[in-house]
Amino acid sequence: MTITLNHYLVVSFLLFSIGLFGVLVRRNFLTVLMSVELMLNAVNLNLVAFSQRLSDLTGQVFAVFVITIAAGEAAIGLALTISLFRQRRTLNVEEASTMQG
Amino acid sequence: MTDSAASGVLLTGGAGWLFVIFAVFALGTAVAVVVARNPVHSALFLLSSFLLVACIFFLQKAEFVGAVQILVYAGGIMVLFLFVIMLVHQRTVKTVKTFQHQWDIALLFLVVFLIPFLYVFWTEKFPEIPANPDALRMVRGKIAGNTEAVAWLLYRDYLLPFEVASVFLLVAMIGAVVLGKRSVEKVD
């Protein structure tokens, strides 16, 4: 089975769109955060695939930075979740929303 | 498991099938993350998705990124997620719907968004540069290993982003502590 860059890109894009769907439609805020992590993971896959294809390590270094930023963002997002739960007693994004319409 | 130096081919033979297996399972567990009713199930499916993607990284000869993925994502972030899920877990099992009310429009949008991108990604022809697998392991002209090569790049050419990333982590830590505090009571 011969795998080319196109296979990697298709897998990375499918992973990204699954994460995007999760961010758009899940009710539980924690699952929304998990879907964001899925999207970042897909981007990493893309970066490393290009890094292998172009024989350039820059993509892998960038992927390490993306993982770092994802870790920081997950920490802040989880702290926000706890704060949200304390304020509104619910993690349901539709219940916690105060926007009209 | 040999890489062909011919144009564009990245994985051949057995390694190619391994990639297909890992990719199919990674996508399957990702769908399970989005579809699972219980957030603990979602977290565990996400954990396995991360591990499978790390396996794909190892296939792509990106050993350092794969190891960091397992350590930080699977070992750090998912543990954090599970802590918070357990912390805010509600005892009463409410029959709440998993998806928001606009899920069908979102699905339609996603499918419309998917088709042209998938077509482009599947049929795009990249320039026929031969891939040199040893370049991912070279330090100053000698074969050393992927981690050494990444470290050589990270601490010399990309030193500034590295330092900025550490400041970012400091800020994120302070922010998380401040956001997690209960409201400060006034002391007389």
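Keep in mind the model is a prediction, meaning the values are calculated, not measured. (Residues numbered from 1 in each chain as written. Chains lettered and ligands numbered in written order. Predicted model: local features only at pLDDT ≥ 70, side-chain atom pairs only at ≥ 80, totals over all residues.)

Draft legend 1. Seen up close, the overall build of chain B. Per the secondary structure count, chain B includes six helices and three strands. The order of α-helices and β-strands along chain B, N terminus first, is β-α-α-α-α-β-β-α-α. Each of the 188 residues in chain B was classed as buried or not, and the buried ones make up 25%. Pairs at least 24 apart in sequence give 50% of the contacts found in chain B among residues at least 6 apart. (Helix = DSSP H or I, 4+ residues; strand = E, 2+ residues; numbered from the N terminus. Buried ≥ 20, exposed ≤ 12 C-beta atoms within 10 Å, placed from the backbone. Contact = placed C-beta atoms within 7 Å.)

Draft legend 2. Focus on the overall build of chain A. Tallying secondary structure elements over chain A gives four helices and one strand in all. Listing the helices and strands of chain A from first to last along the sequence gives β-α-α-α-α. Overall size of chain A, expressed as C-alpha extent along the three principal axes, is 50 × 25 × 20 Å. Per-residue burial over chain A gives 58% buried out of 101 residues. Residue pairs at least 24 apart in sequence account for 46% of intrachain contacts in chain A once pairs closer than 6 positions are excluded.

Draft legend 3. Quick look at the interface of chain B and chain A. Listed per partner, the contact involves 78 residues of chain B and 60 residues of chain A. When contributions to the side of chain B that touches chain A are tallied by element, the ones reaching two or more residues are strand 1 (9–11), helix 1 (13–35), helix 2 (39–59), helix 3 (63–87), helix 4 (103–123), helix 5 (146–154) and helix 6 (159–180) of chain B. Here the side of chain B that touches chain A takes 13 residues from helix 3 of chain B, the largest share from any one element. Residue composition of the side of chain B that touches chain A, grouped by class: 61 nonpolar, 14 polar and three charged. (Nonpolar A, V, L, I, M, F, W, Y, C, P; charged D, E, K, R; others polar.)

Draft legend 4. Representation of helix 3 (residues 58–88) of chain A within the structure. In a regular helix each residue adds 1.5 Å, so 31 residues correspond to 45 Å; helix 3 of chain A covers 44 Å between its end C-alpha atoms and thus fits that length. Looking one or two residues past helix 3 of chain A, Arg89(A) carries a phi angle of roughly 60 degrees, positive in sign. (Expected span 1.5 Å × (residues − 1).)

Draft legend 5. Representation of unusual backbone geometry within the structure. Backbone geometry at Arg89(A) places phi at a positive 60 degrees, although glycine is not the residue there. One can find Arg89(A) in the loop between helix 3 and helix 4 (93–96). Not every positive phi belongs to a glycine, and Lys61(B) is a case in point at roughly 65 degrees. Relative to the assigned elements, Lys61(B) resides in the loop between helix 2 and helix 3.

Draft legend 6. Examining the nonpolar core more closely. In terms of nonpolar packing, the biggest core is built from 72 residues, with Leu15(A), Leu45(A), Leu46(B), Ile56(B) and Phe81(B) touching the most fellow members. If you list the elements that add at least two residues to this core, you get helix 1 (5–25), helix 2 (29–53) and helix 3 of chain A together with helix 1, helix 2, helix 3 and helix 5 of chain B. Sequence-distant contacts of Leu45(A), defined by excluding residues within four places in its chain, comprise Tyr8(A), Val11(A), Ser12(A), Leu15(A), Val53(B) and Ile56(B). (Core = buried A, V, L, I, M, F, W, Y, C linked by C-beta atoms within 7 Å.)

Draft legend 7. Expanded view of the environment of Ala71(A). Within the element layout of this structure, Ala71(A) appears in helix 3. Given 21 C-beta atoms within 10 Å, Ala71(A) falls into the buried group. Separated by 26 residues in the primary sequence, Ala71(A) and Leu45(A) have C-alpha atoms spaced 17 Å apart. Setting aside residues up to four positions removed in sequence, Ala71(A) forms contacts with Val72(B), Gly76(B) and Ile77(B).

Draft legend 8. Fine view of the confidence of the model for chain B. In this model, chain B carries a mean pLDDT of 84, and residues with pLDDT of at least 70 account for 87%. Both confidence scores are given for the complex: pTM 0.88, ipTM 0.92. (pLDDT = per-residue confidence, 0-100.)

Draft legend 9. Expanded view of the packing of helix 2 of chain A against helix 3 of chain A. Residues and elements named next belong to chain A. Where helix 2 meets helix 3, the axes come as close as 9 Å, and the angle between the chain directions of the two elements is 175 degrees. By the angle class used here, helix 2 and helix 3 are roughly antiparallel. Seen from helix 2, the contacting residues are Phe29, Leu30, Leu33, Glu37, Leu40, Val43, Asn44, Leu47, Val48, Phe50 and Ser51; seen from helix 3, they are Thr58, Gly59, Gln60, Phe62, Ala63, Val66, Ile67, Ala70, Ala74, Gly77, Thr81 and Leu84. Class assignment for the residues of the contact of helix 2 with helix 3 results in 15 nonpolar, seven polar and one charged. (Axes fitted to C-alpha atoms, helices over the stretch in contact; angles between N-to-C directions. Parallel < 35°, antiparallel > 145°, perpendicular 65-115°, else oblique.)

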